[in-house]
Amino acid sequence: MKTLELVKVYSIPVKDERVRELITWYLRTLQKAIDVIWDNIKWEYRFPKLVRKSGKLVVITGLKIRVPAIPKNKVFKKMLRDMLMRNNPYASHWVDAVIRTAYSIMESWRKRYLKGKARKIKPRVRRRFARCKTTLMKVDYQAKTIRITLRPGEYLTVSWRSTWFEHRVRGWIVGEVIIKDDRIIIPFKTSKEVEVKRVVGWDSNELTLDGYEPSIGFIHINLRPLQSMKIVYERKKAIAQSKSREEVYKKYVARERNREKDFVNKLVAGLRRLLPNSIHVFEDLDKEDLVSRKRVKKSRRKRNARMPWRSIHRRISETALTVLVNPKNTSRTCPRCGYVVKTQVGRVFKCQRCGLEMNRQKVASVNIRKRYLEGRCKGGKPRMWGFPHSNDPEASMMVELWAGVTPNGWKPMIWAPMKGALKAMKPRVEGWHQLI
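A brief report on the enclosed structure follows. Here the structure is a predicted model, which means the values were calculated and not measured.

Side chains of a nonpolar character, in soluble globular proteins, are inclined to be buried together. Core analysis: the largest hydrophobic core is formed by 64 residues, its most contacted members being Tyr26, Leu80 and Trp94. Leave out the neighbours within four places in its chain, and Leu80 touches Ala33, Val36, Ile37, Ile99 and Tyr103. Membership of the second largest hydrophobic core comes to 26 residues, among which are Leu209, Ile221, Tyr252 and Leu285.

Right, dumping it as structure tokens:
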């Protein structure tokens, strides 16, 4: 049994001048808090670390670098709170919300800075918002209203009664709301126990999502319609830019975003119906590394930038159990003997030790699933759950599901030459029998 945390976010329009005044004060105070924290950062040196692994010395930190240490002691936090409380026109808990948001922004900057993805520049708040603490909210689940304290004795009341999403969040708990100039964003949370029946490993590729689960076999999700749609809108946006048509360009950007979101939602709905009570294991992909000029060729960078892998993974995690694993060598490791091939060219994986030949995407999906299961085992010994146990070529684990999403319509479909509802078919790639 696993606990699945579910979150749904909806917004309610609001028109109140007090909201704009609150957000203006919130952003000014938030930037002031960030400035104070930034001025009190201590830069410490981190020296190279050597660790012995398998009888060899391995360097963890290669260079001497300066690491920012964000002040978190009680004395500093009290000084910061007292300073922000001066001339504060709102409830004191709003200052606490500002301080917590400021630390969240600084911690995010620090992580990105240590990974080399952010420069040594003070973060600036550009978006207009205000994050409300639960201590500033009083939720009435009977009346379906949220009362937000602005000042002592002054409140802002928001109701989700008679909204289009009321039935979807019946029995759910309200989380911390986010206030915008024209709307209130409300997160609803709940949790449920899921009896896990299968673990599916997914390899994210440019044109397909390739999965593996022993009781089903290999699963191929066609992403070609999404890729084609994005290519079409790239051309349309390029034409609009060449003619300096800003309005037309923004229209195409909005349409592309909406169609991409629609495709991903239909894809996730189809996976939820096809694979209920499942754990979906994905690679922890770093989009910045996939589009890096130093590591990837120009033609490949552009193709990688098109695919919204993170959006697909995040959307699936909102409705199902998901896990991220390290993607290193998933397509270069033999799933039968564990041999790591140094160089791999082409779509077919060839093991130099045991002679296994298989599609690299299938190899990656098996290894991704196996890597998650090995991590759950005590002592690091794999349970071999990622391998088939039958010599019968007609067994269910020898089949493949080819599925996709129709751009028009809500049902998943089988791509040509298959028609009708989702069903299994025999594998198309030679070499799977060598795993048995």
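Topologically, Leu80 is positioned in helix 2 (residues 74-85). Put simply, Leu80 and Lys32 are 48 residues apart on the chain and 9.8 Å apart in space, counted from C-alpha to C-alpha.

This model, assessed by the stated rule, comprises 16 aromatic pairs. Measuring from centroid to centroid gives 6.4 Å for Tyr10 and Phe188, while their planes differ by 55°, and the two rings are tilted. With Tyr10 in strand 1 (residues 2-13) and Phe188 in strand 12 (residues 183-194), the pair connects residues that are 178 residues apart, well separated along the chain. Residue classification places Tyr10 among the buried positions, given a relative accessible area of 10%. Considering the side-chain rings of Trp164 and Phe165, the 5.6 Å spacing of their centres and the 85° angle between planes classify their relative orientation as edge-to-face. Of the residues examined, Phe165 reaches a relative accessible area of 1% and is grouped as buried. Three or more aromatic residues joined by ring pairs form one cluster here, namely Tyr10, Tyr141, Trp160, Trp164, Phe165 and Phe188.

The next thing to look at is the pairing of strand 16 (residues 278-283). Moving residue by residue along a regular strand, the side chains alternate between the two faces of the sheet. Most of strand 16 is tucked away: six of the six residues are buried. Because side chains alternate across strand 16, one face comprises the buried residues Ser278, His280 and Phe282, and the other comprises Ile279, Val281 and Glu283, equally buried. With four bridges joining them, strand 13 (residues 198-204) and strand 16 adopt parallel strand pairing. Bridge pairing links Gly201 to Val281 in strand 16. Of the strand pairs in this sheet, strand 16 and strand 17 (residues 321-325) are connected by five bridges, and their pairing is parallel. Opposite Val281, over in strand 17, you have Val323 as the bridge partner.

Here the focus is the packing of helix 4 (residues 224-242) against helix 5 (residues 246-274). It is at 9 Å that the axes of helix 4 and helix 5 come closest, and there the two elements cross at 170°. By the angle class used here, helix 4 and helix 5 are roughly antiparallel. Each of Pro225, Leu226, Met229, Lys230, Tyr233, Lys236, Lys237, Ala240 and Gln241 in helix 4 lies in contact with helix 5, whose residues at this interface are Val248, Tyr249, Tyr252, Val253, Arg255, Glu256, Arg259, Glu260 and Phe263. Looking at the contact of helix 4 with helix 5, its residues break down into 10 nonpolar, one polar and seven charged.

Each value, and the rule that gives it
Residues numbered from 1 in each chain as written. Predicted model: local features only at pLDDT ≥ 70, side-chain atom pairs only at ≥ 80, totals over all residues. Heavy atoms only, no water. Core = buried A, V, L, I, M, F, W, Y, C linked by side-chain atoms within 4.5 Å. Buried < 20%, exposed > 50% of the residue type's maximum accessible area, 1.4 Å probe, protein only. Contact = heavy atoms within 4.5 Å. Helix = DSSP H or I, 4+ residues; strand = E, 2+ residues; numbered from the N terminus. Phe/Tyr/Trp six-rings, centres within 6.5 Å; stacked < 30°, edge-to-face > 60°. Pairing = 2+ DSSP bridges. Axes fitted to C-alpha atoms, helices over the stretch in contact; angles between N-to-C directions. Parallel < 35°, antiparallel > 145°, perpendicular 65-115°, else oblique. Nonpolar A, V, L, I, M, F, W, Y, C, P; charged D, E, K, R; others polar.

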